[in-house]
Amino acid sequence: MRHTNSTSSALYLMTAAIIGSPISPYARKVLAMCALKGIEVEIDPLVAFYGDDRFTKLSPVRRIPVYRDARVTLCDSSVICQYLEDACPTPRLYPEEVALRAQARWLEEYADTRIGDVFAWRIFQAAVIDPGVWGRPRDKAALEAAVTTELPQIMDYLEEQVPAHGYIFGDISIAEISIVPYFANLNWARVEPDANRWPKTVAWVARVRAEPAFAHYEKLAAPLVRTPIADHRRVLGELGMKLTADTYFTATPRRGPMTVK
Ligand SMILES: N[C@@H](CCC(=O)N[C@@H](CS)C(=O)NCC(=O)O)C(=O)O
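Everything numeric here is computed off the predicted structure, so don't read it as measured data. (Residues numbered from 1 in each chain as written. Predicted model: local features only at pLDDT ≥ 70, side-chain atom pairs only at ≥ 80, totals over all residues. Heavy atoms only, no water.)

Asker: Would you explain the environment of Glu85 in this entry?
Answerer: Within the fold, Glu85 resides in helix H4 (residues 77-87). Look past the residues within four positions of Glu85 in its chain and what remains in contact with it is Met33, Lys37, Pro91, Arg92, Leu93 and Tyr94. Only 3.1 Å separates the side chain of Glu85 from the backbone nitrogen of Leu93, close enough to count as a polar contact. (Helix = DSSP H or I, 4+ residues; strand = E, 2+ residues; numbered from the N terminus. Contact = heavy atoms within 4.5 Å. Polar contact = N/O pair within 3.5 Å; in protein donor to acceptor, adjacent residues only side chain to side chain.)

Asker: Is there a simple way to explain the packing of aromatic side chains in this structure?
Answerer: The relation between two aromatic rings is expressed through the spacing of the ring centres and the mutual angle of the planes. Tallied over the full model, the rule gives 8 aromatic pairs. Lying across the ring of Tyr248, Arg54 places its NZ or CZ 4.6 Å from the centre. Across from the ring centre of Trp134, 4.2 Å away, lies the NZ or CZ of Arg255, which sits over that ring. (Phe/Tyr/Trp six-rings, centres within 6.5 Å; stacked < 30°, edge-to-face > 60°. Lys NZ or Arg CZ within 6 Å of the ring centre and 35° of its normal.)

Asker: What is the right way to look at the site of the ligand in this model?
Answerer: Neighbouring residues of the ligand: 14 residues in total, closest Arg63, Ile64, Asp76, Ser77 and Thr259. Here an oxygen atom of the ligand and a side-chain polar atom of Arg63 are 2.8 Å apart. Here Thr259 contributes a side-chain N or O atom positioned 2.5 Å from an oxygen atom of the ligand. For the ligand, whose free accessible area comes to 510 Å², the fraction covered by protein is 89%. When grouped by side-chain class, the residues that make up the shell around the ligand number 7 nonpolar, 4 polar and 3 charged. (Near = heavy atom within 4 Å. Areas by Shrake-Rupley, 256 points an atom, 1.4 Å probe, with all protein chains shown as cover. Nonpolar A, V, L, I, M, F, W, Y, C, P; charged D, E, K, R; others polar.)

Asker: Explain the sheet that holds strand E3 (residues 66-68) here, please?
Answerer: By definition, the strands of a sheet pair up through backbone hydrogen bonds, in either a parallel or an antiparallel sense. Pairing is mixed in the open sheet, where 4 strands are placed in the order E2-E1-E3-E4. A single partner strand is all that each edge strand has here, and the edge strands are strand E2 (41-44) and strand E4 (73-75). Taking each pair of neighbouring strands and ignoring which way they run, the sheet shows an average axis angle of 20°. Bridge analysis of strand E1 (residues 16-19) against E2 gives 4 bridges, and the strand direction is parallel. Each residue of the ladder has a partner; that of Ala17, found in E2, is Glu42. Relative to the sheet, H4 contacts E3 and E4, its axis offset from that of E4 by approximately 135°. (Pairing = 2+ DSSP bridges. Axes fitted to C-alpha atoms, helices over the stretch in contact; angles between N-to-C directions.)

Asker: How should I be thinking about the pattern of salt bridges in this particular structure?
Answerer: Close approach of charged atoms allows side chains with opposite charge to pair. Within this structure, the stated rule accounts for 14 salt bridges. Put simply, Lys29 and Asp112 hold a salt bridge, and the shortest N to O gap is 3.1 Å. Separated by 83 residues along the polypeptide, Lys29 in helix H2 (residues 25-37) and Asp112 in helix H5 (residues 98-134) bring together distant segments of the chain. For the pair Lys29 and Asp112, one class covers both residues: buried. Here Arg114 ties to Glu150 by a salt bridge, and the two come within 2.8 Å at their closest N and O atoms. (Salt bridge = Lys/Arg side-chain N within 4 Å of Asp/Glu carboxyl O. Buried < 20%, exposed > 50% of the residue type's maximum accessible area, 1.4 Å probe, protein only.)

Below, the structure is given as C-alpha cells:
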C-alpha cells in the first residue's frame, strides 16, 4: 500500500508528455484518463502523418498517442491507460470486480478496433483526413455506406450496453473513456446519430461529453479540425494548452506502416 501511494504521488508530481493531436480519439482517451486522475500533461499536438524521422524511432508504427514520463515511453492508448491505472490507482478507472473489469476491457477493445474502424477510418478519415491531409476528394459513396450500414450496427450494440442513467459500471470507467471520444469525430465529420433511434446511447454520450475531463480537450480540439495542420501547435498554445518544448512535426505528410488506405 505504501509503495502504491508513493508511486502514485510521484506521478502526480511530474508532468507527463503526450505526443498526439487532441483531434485523435485515441489521444483524447489518454488525455481524459490523465485529467480524471489529476495528472498534469503537456502536449506535442502531432497529427501522426506529419511525424519526422525521430517520430518513427519513438513510435515504430508511426501512430499516436505516445506517452512519456520520467520512467517510460509507451505507444498504444490501451497500454498507456493500463500503465496510468497501475501507476496512479486513484481514482480507480477500471472496475474492481474481476468479471466487470474484463467486460470493461472488452468494451475498450471494441472501441479501439470496431468503433475506431467505422467512426475514425471510414467516416472521419473520408470526411476530414482524405481532403485535409492527402488532398483527395471525399469518397461520398463510401462515407454514406459507412453511415447507413456500419454505424447502426455499432449504435444498436451500444444501446444494449449503456444505462438510462449514469455510467456503465456505476462510476465513470475505461469503457466511457475509450468509447465516447469517437463521437466528437463523428460530429466533426458532420454525422449525428439519431436520438429517437438510439435514445439511451445518445443521452449517455452527451452525459460523458459534458464531464470536464472530456469537454476540456474536445473544446481545444474542435477549432483544430478546420485549421491548417502547420498552425495547430500555435493555435493550441494560444488557447492555453501546455505544450512540450520539442515537436516531432515536419511539414510533409507520409503514410505510416499501418495507415489505413
Ligand atoms: N491501437 C492504437 C491506435 C492508434 C491510432 O490508430 N492512431 C491514429 C490517429 S487517430 C494514427 O496515429 N494513425 C496514423 C496511421 O495509422 O498511420 C491506440 O490505441 O493507440
